[in-house]
Each structure stands twice: as structure tokens, then as C-alpha cells.
Amino acid sequence: LSVIILAAGKGERMRPLTSTRPKPLLPVVLGETLLDRWIRSVNEKASEIIVVAKEKIDIIAEHLKERYPDVKLVEQGEEKGTGAALRYGLKATRGDEVLVIFSDIYLQRPKENLERLLKEVPSLLAYEVDDVSQFGALRVENGIVKEVLEKKGKGRGLIFAGLMVAKKSELVKVLDNLNISERGEYELTQAIPSLEMKPVKVEGGWVDVGRPWDVFEVSKLEMEIIDGMENPWGPGKIYGTKPKVKGDVYVEGPVFFGEDVEIGPYSHIRPYTVLLKGVKVGPFVQIKNSYVMEYSRLPHLNYIGDSVVAEDVNFGAGSITANLRFDERPVKVTLKGERVNSGRRKLGAIVGAHARIGINVSLMPGVKVGAYSWIYPGCVVTRDVEDGERYKC
Ligand code: TTP
């Protein structure tokens, strides 16, 4: 079995988290990256693994070289889209049977689902959702996928879940006949009907990790299936590694701690918070349902709610995030230059790596703070801040 992992997307909707790392190398699964998780999940079954990359390919190359010297890296050339990415991958493939994986897919039970998918070739993974309108909706007839309606479907139904298995010769043939789409891309989903694939339903949770707040759903699903520990500091379980605690703290599980996390004295950590390796949380700090990446610091009098904070961010004393509008309407966010409804009543800030947030700063709901930016003391940030910007008020 040859495995091709498509990892060449721009990850623009994940900005500013993807300003410093390619999307497949963001530590979104309680500290593990999706690329590592996929390689780990297919390792036993695969005779070869090929990663197709483009965006920040140097970082991916370095990562693969260090950890998996046998994994082949292929650069996606000029042609755009997932169909093009697969074509580049297929050129480097020797095997006859090919498993294709979109690297931004999180499966709660990857191994079990792979087992089921590989039983029938050709087949694809399908996930059932209440509203198919934002996905590639599948029209199935006589147990075969006949059509993929990209963002055109309605109501409850099955969508393409981002994994498929087929014969290499069939994939090559179908991709050679694929036309370029309206947005100038070769789209793999358009090739699906010609492949006559059987849909295999996903068991357990599934997340297409495309927007920063998708990490909350991933954390929740992952904490459901891993073993927790007894929590000496409050109700619920804790996961990962026990933090170093100074003085009194109150921790409401489920909460995940990476290695070398320090909390206290007088810190309050609320459910579904994830603090990755080396995070420091000091006195009179409350963190609720937030994802804080490696070595970031919340040292004094901070409130962080429903927020995603990348690595090595420093919050000055008294700096806080707002996570709820007065009118309680869903928080809006700018993605790829467009104002969109996040669908969330509560959403705080998305903070890029190495940002420096001064004292007494307020970040309004849905605001993005760029990587390497500085926010001057006392500012109320009501708009997105660019990478590297010096934000004065
Ligand atoms: P998308 O999520 O559609 O695109 P993206 O990752 O570029 O994100 P954004 O829209 O926020 O910029 O990509 C789906 C999967 O396909 C993902 O695993 C990346 C992969 N991909 C490629 O390998 N090559 C490509 O040219 C494209 C468009 C996607």
C-alpha cells in the first residue's frame, strides 16, 4: 500500500497560526501535529509514505528528515488544487494500491477507520452531517458515489471525509482527464464519480481542521478517548502530564497539560483548556476553553476565554480577551479577507506566535493578533493586527 498525504494547502483561514508553521505541522491534537498523527496511523500498513507539500516546504522537509527519514517528500509544482497535488504524488509512487489522505483531517479513531476503508477498493470515507451545504455532499446510488456536490447540497447527508483508496492506474487515468475548475484548480472531488467508489461511513468523531477554532472540537474528541488522571485540584479529570503547581489552584477538568507546565499560585483553569509544553500561568489568571501552545506565558491577572494562542506569546499583566458580544450574536471573524460568521456565540482572540501583548490590553471577540506583532499597553484591539505590526492606540 502506497500512502500519499496531501499537505500543500496554503492554510490561509488558519492565519495567523500558519504564519510561522505550515498547517499540517500545527500541534492541534493535544500537542501532536496532524502530519505526525497520520504518519503514525498508517506506518504499519504502508510500504511507502509520500508527503506532497508546497507552502513552507522547508519546515516540512526538516521535520520529516529528523523524524521519518523513509518518508518521501514531493513538491507540488505550478498546477493548483488537490487533484494536481495527487498527480505530483502519484509520479513518485511505486505501489499499485494508493491511499490518499488530506492532511488537515482529524479522525478520532484513525486506525479503526483505516481498517474499514482498506477492506474495499476503491472506496472513500464519508461522514454524516446535519447540514451538508458547506462541504462536498455525496450523491450515492446503488452503493456507489455518483456525484460530489461541492457546497451545493442541502440538509442532512454524507460528505467526503478526506480519505480514499484506489488502484494507482485508475487514479492516473481519471486525473489525466480532469478539467480545471472555475477557480482555476484541479479538484480531486470532481474525479470521484469516475472512480466508482463505495462510501464507508466514519466511525467516531471527524473534524476538517480549517479554521482556528476547530482545535476546540479536536481537543474535546481527543480527551474523550485518551486515559485521564485523577485531578487533585478540583472536579473532572486531567490529561497529559501533571503540571508543577505553586500554592493553591483550582482546576476544573477535563483539562490537558503538556510537559513542564507551571500554574499558580491562585490560578483558575476551566474545562477544555489545553496548555502545551512549557506554558506558564501565574497568579490571578483564569483560562477557559482555550488552546495555548508551547512556552506561552500568562503570568499575571489575565483572562483568556475561547481563544487560541500560538507558541511563545507573552501576555502583559492585566491583559484579557473578550469572548462574548453584548448582543450575544455569533462572533464574526475575517477569513481570507472576508467577514464571516464563526457560528460561535463565544469566541475570544486568535494570537500568532511570538506576539508581545503589553499590559492592560483588551482583545475583542474574534480578533486576530499577528505573529511577531507588538500590542502597546492599554490598547483595546477591535480589528485584526498584521504579522509584525506595531499596534499603537
Ligand atoms: P483546503 O483546506 O481546501 O485548502 P488549504 O489547506 O489551502 O486551506 P485554506 O483554504 O485555508 O487556504 O485543502 C484541503 C487539503 O488538500 C489539505 O490537506 C491541503 C491539501 N491541498 C494540497 O495538497 N494542494 C493544494 O493545491 C490544495 C488546494 C490543497
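Sequence order sets the numbering: in each chain, residues are counted from 1 along the sequence as written. Only residues with pLDDT of at least 70 get local features here, since the model is predicted, and only at 80 or more are side-chain atom pairs given and counted; chain-wide, interface and lining totals rely on the full set of residues. Note that water and hydrogens are dropped before the side-chain values are worked out from all heavy atoms of the structure.

Caption draft 1: Just the packing of helix H3 (residues 82–91) against helix H5 (residues 168–176), in detail. Contact pair H3 / H5: the axes reach a minimum separation of 10 Å and the direction vectors enclose 135°. Between H3 and H5, the angle is such that the two are oblique. Helix-helix and strand crossings are classified by hand; for H3 and H5 the assignment is left-handed. Where H3 abuts H5, its residues Gly-83, Leu-86, Arg-87 and Leu-90 lie against Lys-168, Leu-171, Val-172, Leu-175 and Asp-176. Only Asp, Glu, Lys and Arg are considered charged in this grouping, and only Ala, Val, Leu, Ile, Met, Phe, Trp, Tyr, Cys and Pro are considered nonpolar; every other residue, Gly among them, is considered polar. Partitioned by chemical class, the residues of the contact of H3 with H5 number five nonpolar, one polar and three charged. Here an angle of 0 to 180 degrees is reported between the N-to-C directions of two axes, which are lines fitted to C-alpha atoms, with helices fitted over the stretch in contact. In DSSP terms, a helix is any run of H or I states spanning at least four residues, a strand is any run of E spanning at least two, and both are numbered starting from the N terminus. These descriptions rest on fixed angle ranges, namely under 35 degrees for roughly parallel, over 145 for roughly antiparallel, 65 to 115 for roughly perpendicular, and the rest for oblique. A crossing counts as left-handed when the near helix is turned anticlockwise from the far one by less than a right angle, and as right-handed when that turn is clockwise. Contact definition: two residues touch when any of their heavy atoms are within 4.5 Å.

Caption draft 2: Inspection of H5 at higher detail. The complete set of buried residues in H5 reads Leu-171, Val-174 and Leu-175. All buried residues of H5 project into a common sector of 95° when viewed along the axis, lining one side. Packed against the buried residues of H5 are H3, strand E4 (97–102), strand E9 (157–167) and helix H6 (188–195). Burial status follows relative accessibility: with a 1.4 Å probe on protein chains alone, a residue under 20% of its type maximum counts as buried, one over 50% as exposed, and anything between as partly exposed. An arc is given here, and it is the one of the directions from the helix axis to the C-beta atoms.

Caption draft 3: Spatial organisation of the pairing of E9. Within E9, 10 of the 11 residues are buried, leaving the element largely enclosed by the surrounding structure. Pairing between strands requires that DSSP locate at least two bridges from one strand to the other. Across six bridges, the pairing between strand E6 (residues 123–129) and E9 is antiparallel. Bridged to Leu-124 within E9 is Met-164.

Caption draft 4: Seen up close, the pairing of strand E2 (residues 48–53). Burial analysis of E2 places six of its six residues in the buried class, the great majority of the element. Here E2 shows a buried face lined by Glu-48, Ile-50 and Val-52 and a second buried face lined by Ile-49, Val-51 and Ala-53. In terms of strand pairing, strand E1 (residues 2–7) meets E2 through six bridges, oriented parallel. In the sheet register, Ile-4 faces E2, and the bridge partner there is Ile-50. Of the crossover connections in this fold, the one passing from E1 over helix H1 (residues 34–42) to the parallel E2 is right-handed. Two elements, E2 and strand E3 (residues 72–75), share four bridges in a ladder whose sense is parallel. Each residue of the ladder has a partner; that of Ile-50, found in E3, is Lys-72. A crossover counts as right-handed when, viewed with the strands pointing away from the observer, the path leading from the first strand over the helix to the second turns clockwise.

Caption draft 5: Region of interest: the sheet that holds strand E29 (residues 350–351). Within the open sheet, the seven strands sit side by side as E12-E15-E18-E21-E24-E29-E32. Their pairing is parallel. A single partner strand is all that each edge strand has here, and the edge strands are strand E12 (238–240) and strand E32 (368–369).

Shape is all these values report; function is a separate question.
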